[in-house]
Each structure stands twice: as structure tokens, then as C-alpha cells.
Amino acid sequence: MAKDKLPPLNERRRFLLQTLQGIGLATLGALTWSAYIDEASAASLVLRPPAALKEEDFLSHCIRCGLCVEACPFDTLKLARAGDNIPIGTPYFRAREIPCHMCKDIPCVPVCPSGALDESFVSTITKNGDKELDITLAAMGIAVIDADQCIAFWGIQCDACYRACPLINEAIVIDASRNDRTGKHAFMAPRVIGDVCTGCGMCEKACVTDKASIFVLPLAVAKGRAGSNYIKGWDAQDENRLKDQKGGGETTLTPKSSQKPIDYLNSEEF
Amino acid sequence: MTWLFKHRFLILRRLSQIGMIFLYFAANVWGWKILQGNLGSSLLFETLPLSDPFAVVQMSAAGALLGLDLLIGAGIITLFYALIGGRAFCSWVCPVNMITDAANGLRRLLRINEVEYRYVLSRHLRYWILALSIVLSAIFGVAAFEFVSPIGILNRGLIFGIGFGGAVIAGVFLFDLFGAKNGFCGHLCPLGGFYSLIGRFSLIRVKHNQEKCTVCMKCTEICPEKPVLHMIGKRSEFVTMGECSNCARCIEVCESDALHFDIRFLNQKKSASL
Ligand code: SF4
Ligand code: SF4
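Computed from a prediction, not measured in an experiment: that's the story for all the values here.

**Looking at the overall build of chain A**
- Within chain A, the secondary structure is distributed over 9 helices and 8 strands.
- In chain A, which comprises 270 residues, the share counted as buried stands at 34%.
- Taking the contacts inside chain A whose residues are at least 6 apart along the sequence as the reference set, 60% of them involve residues at least 24 apart.
- About 17,400 Å² of surface is accessible on chain A, with carbon and sulfur atoms providing 55% of the total.

See below:
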């Protein structure tokens, strides 16, 4: 065999080869490992307990101890297991299965030892300076309605989500409008008020359609962003931002705007 | 009776390992308030926080500003192992130890040890993985080892329900059975490595008494961390290497009573003057 003919490795060569082997193995290990972490930490469609830090910070803070899970009296919270496609060991809930019941004393939050759940997100300061827990400040997500499948939008009477909402008439309101198809009925469609909705998921649980037509999405997924270039003319605070804009205060003159706006309204066809 | 005596530490260790899991489990299922949480972080009697210092190191590397409870808990555990227990976590607490011990037992039964293909898996590998955990934590901003840790998976699995985690545990078992003897705990596990480092100077240690030793080598045969018993039959001294997990198997198998637990530093002077 050719192997027998090779001269024995001297110490230095052996050392060098072993080092190279080590570096090779470590690189391989690091690569597979990091690919795994990258994938596992990318789950964005997961609902976290109330008062959770934003997903990225939440993942670096949570020590996966499950104390929040144990504190939850409704078994809402679960720890992600291998195969759940959620970073392993972290707490989450599925609203359609068991929603958050918005306990007044929020037992899951104060037990968190790591700061992954931050009590200050769900506390208000009372007049005499005490901190008071207030679950209505929670922002676990926002309920979103699929108006195509929600039967209330078809004109069928249903207000299951509205009735189930712990913040009835605040987080979900009913918009009544005329049903022109029949001429004598009304549509009574639910609408979610994003600022108020806590994302508890009671509505998703209550929805009567096969697959819930109202469901909670995490804020980062459900929310749009208008961009800073739009300024609300009806909002005094917003108007101030004009001053900070580059070229703020300049007026653009076009042939049309050379006339006074009031003349324009009076003279042109409108 | 003699069997009981020969296995006294083994029995105590299993009681300790199973007992802790049981308390955690009872906290989750029946709401007992003795030991809540899991090995990541727990609450003893609703007051004393205890947490995994290695996880805390990784989280700090990831840039997290951690809660006070967590830091206190990690401090308590670090102090305990640094002063007293050494690497005792591995043999007295960690649930994976039961899996790897089972693999080891089966290995002996099937006589796989005798046919093992001797490839070199360095015992230093765990320190490289330890370093890698911290580097990857810093890069990705999450505690990297906690994403793959079979210890966490098994521990949470036993307390909260196992799920797909069984595959990982089976992996560790098979690796230890067919792959390498003491493959996971003795070579790969960075948590074991971590406790080896912080427990280096701990007080409770196995001590070898050379005068009684008959050099039968049963202890080195049973020891999962062979190199730590390098003094057997040569010198009377403490097992000082951090890798010793204080599992006491060597003490139990020794028929000539040449090994026992002792308190280091306190008894070192005494024996030196003898
Ligand atoms: S209590 Fe905090 S650290 Fe523990 S699992 Fe829940 S969120 Fe994570
Ligand atoms: S080496 Fe790791 S897996 Fe093995 S007993 Fe120690 S901590 Fe547990």
C-alpha cells in the first residue's frame, strides 16, 4: 500500500496538520450552527406574552425558563418545542387555540427574571406616584379582519368578535351601513381600532368562520409605515415638522399657483 | 445491603437529578412553589433566584441588558460551583447525564468499547465550542448555544412535554453509544466545559490515597473523564483537574478504599505534614 511508503510525519508537520484540521472542523461547525440560528431566529409570525420586548431584543433576553408559562392561569403560553418553527424554548401563544385572557394582575410579567417581559410596558403611574399594572396597555399584536370572509360583511348578522373583545366598543366597533342589495337591511361590520387593540386574540378565538376571519398578527407584521414625508395638515404638532424639513418654508410657484387660491376657487370650473 | 453501599453515590445522584426534574414538573403541573422554572432560570421557594451562568454569559455577549434577578441568580450558581461543587452540575443535576450514562451502560453490555475505532476526538473540543458559543452569540445577538442545547431541550421536554425534541436526545444517546465513548459530556458539551473552568478551585474533591491503592485500575476504567485520575498508583493527592465531575463512581468501585471525598486546601496542609 502506498500509505506504508510515506515517511512518518514529523512533530511539526503533525502539529500543523492537526491545527488545520481543527480550524476546518470549527469553520464547518460554525457555518452549520450559524445557518441554523439565522433560520430559527427569523420566525416573525409569532405572538409573545404581554409586555415582551420587540422580537429581536426579546430573543436575546429570554432565558427560556418558562416561569411566565407556569404563571399563566389559562395555559395560554407555551414554550416552543423543536419542530414548532419558533426559536426553541421561547414562550408564545396561539390565539385561535387559547387566547390571552388579559388578567388584571398580569401574572406572567412580573415573574420574568430576564427583563424579556418589561413591566413598564404595561404600567401606568397613578396620581400618588404608585406604579399600577394596566393590561390594556399591552401590544401583543393587532387583530386584522379579512373582509372577504367575515360574514358580517356579507350582511349576515354576527358580532361574535365584538362581543368577545375584552375592550368591547373600544378595540372593536361596529360600523352600520345600508345594504343596497336588499334595500331594507343593514351591514353591521366590525372594525378594529389599532391603537386600542392589545392583540389578546379573544376575537380570533370567538370567530365563527371555519378559519378565523379576524386574527391577530404581531405588530411588526400587521403595521404599515407611511414614511416621514407625509405631513398631516390637520395636526398642529405635525405642522411643526415642516420647519425641520430641508428647504422648509419655501413656496413653489407654478403657473397655476401664481393666482391666489381664493381666486382659483372662484374663477375656475370646480 | 452491600450493593446499596457500593452504589450509594449513584443512587443519591439519580435521586438528585430526578428529584429536581420532579420539582420543576410539579411546579408546572400542580403549581408547587418549591422549585419553579427550569435549569435556565428558576425560583427557589418563591424568593431565591437561580440561573444558568453560561446562558447569562452568552446573553451578555449578545448585548442584552439583563434583569437583576437573572444576574443575582447566575451569581449564586457561579459562587456555589466555584466554591463548593466543581463540575458537580454535570453528574448531580444535568438530565443529559442520565442519557449518556445509559448509553455508556449499553455500550459495556454490547461490548462496543472493545471494538471502538480509535479516532481522536479531542477533549478540548468543548472549550472550542464554548468559545464558539460566545462568538456566535455576539455575532447573532442571541444566546447561540441555547438554540441547540440538548440540555435545555431535554430539561424543558421533561417539564413541559417533549415534542420533537426526542430526536435531539436520541441523537446524543446514539452518538454516545456508537460514536464515541463519553462523546457528548466528555468532549462536546460547552456547559460542562464552562463548569470545568469555574469549578477549577472548588473545595469538595476526590482524594487519592496511594498507600491503600492496589493499582487495580478499576477507577480509571469507570471514570468518564479518564485524564483526571492521572495520579492513581503514583501519588497521594487531590483530583484537581476541573473536568472531574464529582460523580464519585471511582470512590464506589474502589475496593481498597483508596479514594474518598475530602475538602481541599483544608486538608492539604495536614497531609503535607504527614
Ligand atoms: S419568564 Fe421571561 S425569560 Fe422566562 S421564558 Fe418567559 S419571557 Fe423568557
Ligand atoms: S457535560 Fe454537559 S450534558 Fe454532560 S452532564 Fe455536564 S452539562 Fe450535562
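**Some points on helix α8 (residues 125–140) of chain B**
Residue and element names in this part refer to chain B.
- For α8, built from 16 residues, the straight-helix expectation of 22 Å at 1.5 Å per residue is met to within 8% by its first-to-last C-alpha distance of 22 Å.
- Inspection of α8 places Arg-126, Tyr-127, Ile-129, Leu-130, Ser-133, Leu-136 and Ser-137 among the buried residues, and these make up the whole buried set.
- Following α8 by one or two positions, Gly-141 has its phi on the positive side, about 70°.

**Remarks on the site of ligand 1**
- With respect to spatial proximity, 13 residues lie near ligand 1, and among them A:Cys62, A:Cys65, A:Cys68, A:Cys112 and A:Ser114 are the closest.
- Of the residues belonging to the shell around ligand 1, the class tally is 10 nonpolar, 2 polar and 1 charged.

**Things to note about the site of ligand 2**
Residues and elements named next belong to chain B.
- Every residue lining ligand 2 is accounted for by Arg-87, Phe-89, Cys-90, Cys-94, Val-96, Asn-97, Ile-151, Phe-184, Cys-185, Cys-189, Leu-191 and Gly-192.
- Sorting the residues of the shell around ligand 2 by element identifies α5 (88–93), α6 (96–109), α11 (183–188) and α12 (190–198) as the ones contributing at least two each.
- Looking at side-chain class alone, the shell around ligand 2 contains 9 nonpolar, 2 polar and 1 charged residues.

**Examining the packing of aromatic side chains**
- Under the definition given, this model contains 12 aromatic pairs over all chains.
- For the pair B:Phe54 and B:Phe194, a centre-to-centre distance of 5.3 Å together with 35° between the ring planes defines the contact as tilted. One end of the pair, B:Phe54, is in helix α3 (residues 53–61); the other, B:Phe194, is in helix α12, and 140 residues separate them in sequence.
- Ring-pair connections join several aromatic residues into one group, and the members of that group are B:Phe54, B:Phe80, B:Tyr81, B:Phe89, B:Phe145, B:Phe194 and B:Tyr195.
- Over the aromatic face of B:Phe147 sits the side chain of A:Arg64, whose NZ or CZ is 4.6 Å from the ring centroid.
- Cation over ring: A:Lys211 sits above A:Phe215, and NZ or CZ is 5.8 Å from the ring centre.

**Examining the domain arrangement of chain B**
Residues and elements named next belong to chain B.
- Partitioning chain B into structural domains gives domain 1 (3–197) and domain 2 (204–272).
- The interface is formed by 23 residues belonging to domain 1 together with 22 residues belonging to domain 2.
- For the pairing of domain 1 and domain 2, the buried interface totals around 1,600 Å² over both sides, and the portion due to carbon and sulfur atoms is 43%.
- Summed over the three residues of domain 1 that lose the most area to domain 2, namely Lys-6, Phe-9 and Arg-87, the buried surface amounts to 32% of that side.
- At the junction of domain 1 with domain 2, the criterion picks out 2 salt bridges.
- For Glu-225, the salt bridge goes to Arg-87, with nearest N and O atoms at 2.9 Å.
- Summed over the shared surface of domain 1 and domain 2, the number is 11 residue pairs in polar contact (both at pLDDT 80 or more).
- Its residues assigned to classes, the side of domain 1 that touches domain 2 comprises 8 nonpolar, 7 polar and 8 charged.

**Focus on the packing of α3(B) against α12(B)**
All names here are of chain B.
- Contact geometry of α3 with α12 gives a least axis separation of 10 Å together with a crossing angle of 100°. Between α3 and α12, the interaxial angle falls into the category roughly perpendicular. The segment α3 lies against α12, with Pro-53, Phe-54 and Val-57 engaging Pro-190, Leu-191, Phe-194 and Tyr-195.
- For the contact of α3 with α12, the class distribution of residues is 7 nonpolar, no polar and no charged.

**Observations concerning the sheet that holds strand β2 (residues 41–44) of chain B**
All names here are of chain B.
- What the 3 strands build is an open sheet, ordered β1-β2-β3; its pairing is antiparallel. Where the open sheet ends on each side, the last strands, each with one partner, are β1 (35–37) and β3 (48–51). Here the average twist between neighbouring strands, direction ignored, is 25°.
- Summarising the sheet, β1 and β2 pair through 3 bridges and their orientation is antiparallel. Note on β2: the bridge partner recorded for Leu-35 is Leu-44.

**Concerning the confidence of the model for chain B**
- Confidence in the prediction of chain B, expressed as mean pLDDT, is 81, and 93% of residues score 70 or more.
- No element of chain B has a lower mean pLDDT than helix α15 (residues 266–273) of chain B, which averages 52, and none a higher one than α12(B), which averages 90.

**With respect to the interface of chain B and chain A**
- Contacts between chain B and chain A engage 42 residues on the former and 30 residues on the latter.
- Interface of chain B and chain A: buried area, both sides summed, is about 2,800 Å²; carbon and sulfur atoms make up 71% of it.
- Across the contact surface, chain B and chain A share 0 salt bridges.
- Seen at the junction of chain B and chain A, the total is 4 residue pairs in polar contact (both at pLDDT 80 or more).

Rules used throughout
- Residues numbered from 1 in each chain as written.
- Chains lettered and ligands numbered in written order.
- Predicted model: local features only at pLDDT ≥ 70, side-chain atom pairs only at ≥ 80, totals over all residues.
- Heavy atoms only, no water.
- Helix = DSSP H or I, 4+ residues; strand = E, 2+ residues; numbered from the N terminus.
- Buried < 20%, exposed > 50% of the residue type's maximum accessible area, 1.4 Å probe, protein only.
- Contact = heavy atoms within 4.5 Å.
- Areas by Shrake-Rupley, 256 points an atom, 1.4 Å probe, with all protein chains shown as cover.
- Expected span 1.5 Å × (residues − 1).
- Near = heavy atom within 4 Å.
- Nonpolar A, V, L, I, M, F, W, Y, C, P; charged D, E, K, R; others polar.
- Phe/Tyr/Trp six-rings, centres within 6.5 Å; stacked < 30°, edge-to-face > 60°.
- Lys NZ or Arg CZ within 6 Å of the ring centre and 35° of its normal.
- Domains from an automatic or database assignment.
- Buried area = accessible area lost by both parts, 1.4 Å probe.
- Salt bridge = Lys/Arg side-chain N within 4 Å of Asp/Glu carboxyl O.
- Polar contact = N/O pair within 3.5 Å; in protein donor to acceptor, adjacent residues only side chain to side chain.
- Axes fitted to C-alpha atoms, helices over the stretch in contact; angles between N-to-C directions.
- Parallel < 35°, antiparallel > 145°, perpendicular 65-115°, else oblique.
- Pairing = 2+ DSSP bridges.
- pLDDT = per-residue confidence, 0-100.

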